[in-house]
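# Structural overview
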Amino acid sequence: MMADVAVFVGVSTFTPFVLTNAEWVELAGKLDASNLSKVLRVVAIALLIGCSVPVRVGRWGRSGWLALAGVASATLMFVLRDSATSPLDALYWNGALIVVLAVVLMGSNLRGTRIGERGLEVALVLQVLLSLALSIAHYQQSDNGGWAGGAGNANSFAFLCLVVISRRVLDSRLTSWQLATLAMTTIGVLASGSLFGLLGLLLVMCSGVLGCGSERKRVIGIAGAIAVAGVMQNCDFIGSQLSAPSQHVAYKIQSLTDWIGEDSGVTTSRSIALRNEQWSEVMTTFASAPDLLLTGGIGGGRYFSADSQILTYVASFGLPVATALLAPVLSCFCNLCSTATSLRERTAQLLLVTLFLVVNRGLDYFSGGVVIALILVEQCRVHKPVSRE
């Protein structure tokens, strides 16, 4: 129960910003949206730690110690680096906090899989309803008109929805609540206007169809979710609220195909162009100065905040430290086939996490980062039984 509350709070930490920016709620007293968001993050972490004690360092394993060493090294480099500062530098501390949280939870008493599942589902259902209401009220949650829920940005919102979908499409039996949750989170992904979300949705839906066997109910559930989303998309009343993000996704797809085809005669989506610029800058710098692969420091700042967690860490701190920071993710891939338990679901979720880290700052965004930490804990628990001492 405490884990559910922790996840509910953790994935809703940016809701105060949404409500106050839309002028739906005026926070009383001295608590503004920024401070309340920080309080919610502290509460989420405190609840997770509270339901995890006692924490045994012996369970951390090599990947946990590597991650902690990576945080220590990156923090030292970040603090001592004499370079220009940027408002985005603050994102580093959030990512470092999530890495430490993941390691601590790996040595916790949290057991089983799908930790905080009900809390995540309830939070996302409420965020979908909130986003729909905001859209009907003509409040734009992101620059492309996509839904962001209370997760802070559209990509994080899409990622959280995809985590729920990846679990539900592989269930052999679905209750009415689970079917409703599957349908609403599918709508959330489509309405986010996120190309990452669309690619992730195709990935998890394919996983569900390929893994469904002869269970007719699961096939009906998957088809039903897509059908409901399609009906909502084309409904005159609700569909009009989803047209902007849908058009933006189509624009991104066209931009991506044009970029792959090296068609310079078209206007490219800003998000795709920016990612291209960031990757090109880093690759060009490494080619001209290979020693920076060891130390990082690209971009002239303390933190190269690219739209990719992996690129950000490598460019900021070098390949060795970046590998240490992401050691828990790599460890989960190494142990993926150590047991057949929930192999399809584990694979789908690890691929989602990896895709999110490649194309977004997954750890720097608190809402998505908390769920990534719990997914890593679940992966570790599957192949490493919890001691009952």
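Above this text sits the structure in question.
Residues numbered from 1 in each chain as written. Predicted model: local features only at pLDDT ≥ 70, side-chain atom pairs only at ≥ 80, totals over all residues. Heavy atoms only, no water.

### Notes on the overall build of the protein
Condition: The helix count covers DSSP runs of H or I at least four residues long, the strand count covers runs of E at least two residues long, and both are numbered beginning at the N terminus. It only takes one pair of heavy atoms within 4.5 Å for two residues to be counted as in contact.
Secondary structure assignment for the protein yields 18 helices and zero strands. Across the protein, every contact between residues at least 6 apart in sequence was considered, and the portion connecting residues at least 24 apart equals 74%.

### Some thoughts on unusual backbone geometry
To keep things clear, this is the line we draw: Residue burial is assigned from relative accessible area. The probe radius is 1.4 Å, only protein chains are included, and a residue is buried under 20% of its type maximum, exposed over 50%, and partly exposed in between.
Going from Val 53 to Pro 54, the amide bond is cis rather than trans, its omega being -5°. Position of Pro 54 among the secondary structure elements: in the loop between helix 3 (33-50) and helix 4 (61-80). Of note in the backbone geometry, His 138 takes a positive phi value of approximately 65° without being a glycine. Looking at where His 138 falls in the secondary structure, it is placed in the loop between helix 6 (117-136) and helix 7 (154-168). Looking at His 138, the relative accessible area reads 71%, which means it is exposed.

### Some thoughts on the environment of Tyr 92
Under the convention used in this document: Polar contact criterion, stated in full: a pair of N or O atoms within 3.5 Å, where within protein one must be able to donate a hydrogen and the other to accept it, and residues adjacent in sequence count only if both atoms are side-chain atoms.
Positionally, Tyr 92 belongs in helix 5 (residues 91-106). Put simply, Tyr 92 and Leu 363 are 271 residues apart on the chain and 8.9 Å apart in space, counted from C-alpha to C-alpha. Among all residues touching Tyr 92, those that are not within four sequence positions of it are Val 71, Ala 74, Thr 75, Phe 78, Tyr 303 and Phe 317. At 3.4 Å, the side chain of Tyr 92 forms a polar contact with the backbone oxygen of Val 71.

### Some remarks on the packing of helix 7 against helix 8 (residues 176-191)
Quick reminder of the rule: Axis geometry follows a simple rule: fit a line to the C-alpha atoms, using only the stretch in contact for helices, then measure angles between N-to-C directions, giving values from 0 to 180 degrees. Handedness of each helix crossing follows the sense of rotation of the near helix against the far helix: counterclockwise by less than a right angle gives left-handed, clockwise gives right-handed. Ten residue types, Ala, Val, Leu, Ile, Met, Phe, Trp, Tyr, Cys and Pro, are classed as nonpolar, four, Asp, Glu, Lys and Arg, as charged, and the remainder, Gly among them, as polar.
Contact pair helix 7 / helix 8: the axes reach a minimum separation of 9 Å and the direction vectors enclose 145°. Like other packed secondary-structure pairs, helix 7 and helix 8 cross with a definite hand, here left-handed. Facing Phe 157, Ala 158, Cys 161, Leu 162, Val 164, Ile 165 and Arg 168 of helix 7, the residues of helix 8 in contact are Gln 178, Thr 181, Leu 182, Thr 185, Thr 186, Gly 188 and Val 189. The residue inventory of the contact of helix 7 with helix 8, partitioned by class, reads eight nonpolar, five polar and one charged.

### Side note on helix 6
The condition is simple: In a helix, the anticipated span is given by 1.5 Å times the number of residues less one.
Between the first and last C-alpha of helix 6 there are 29 Å, a value that for 20 residues agrees with the 28 Å anticipated at 1.5 Å per step. Of all the 20 residues making up helix 6, 14 are buried; the element is thus mostly covered by neighbouring parts of the structure. Once helix 6 ends, the next one or two residues include His 138, with phi positive near 65°.

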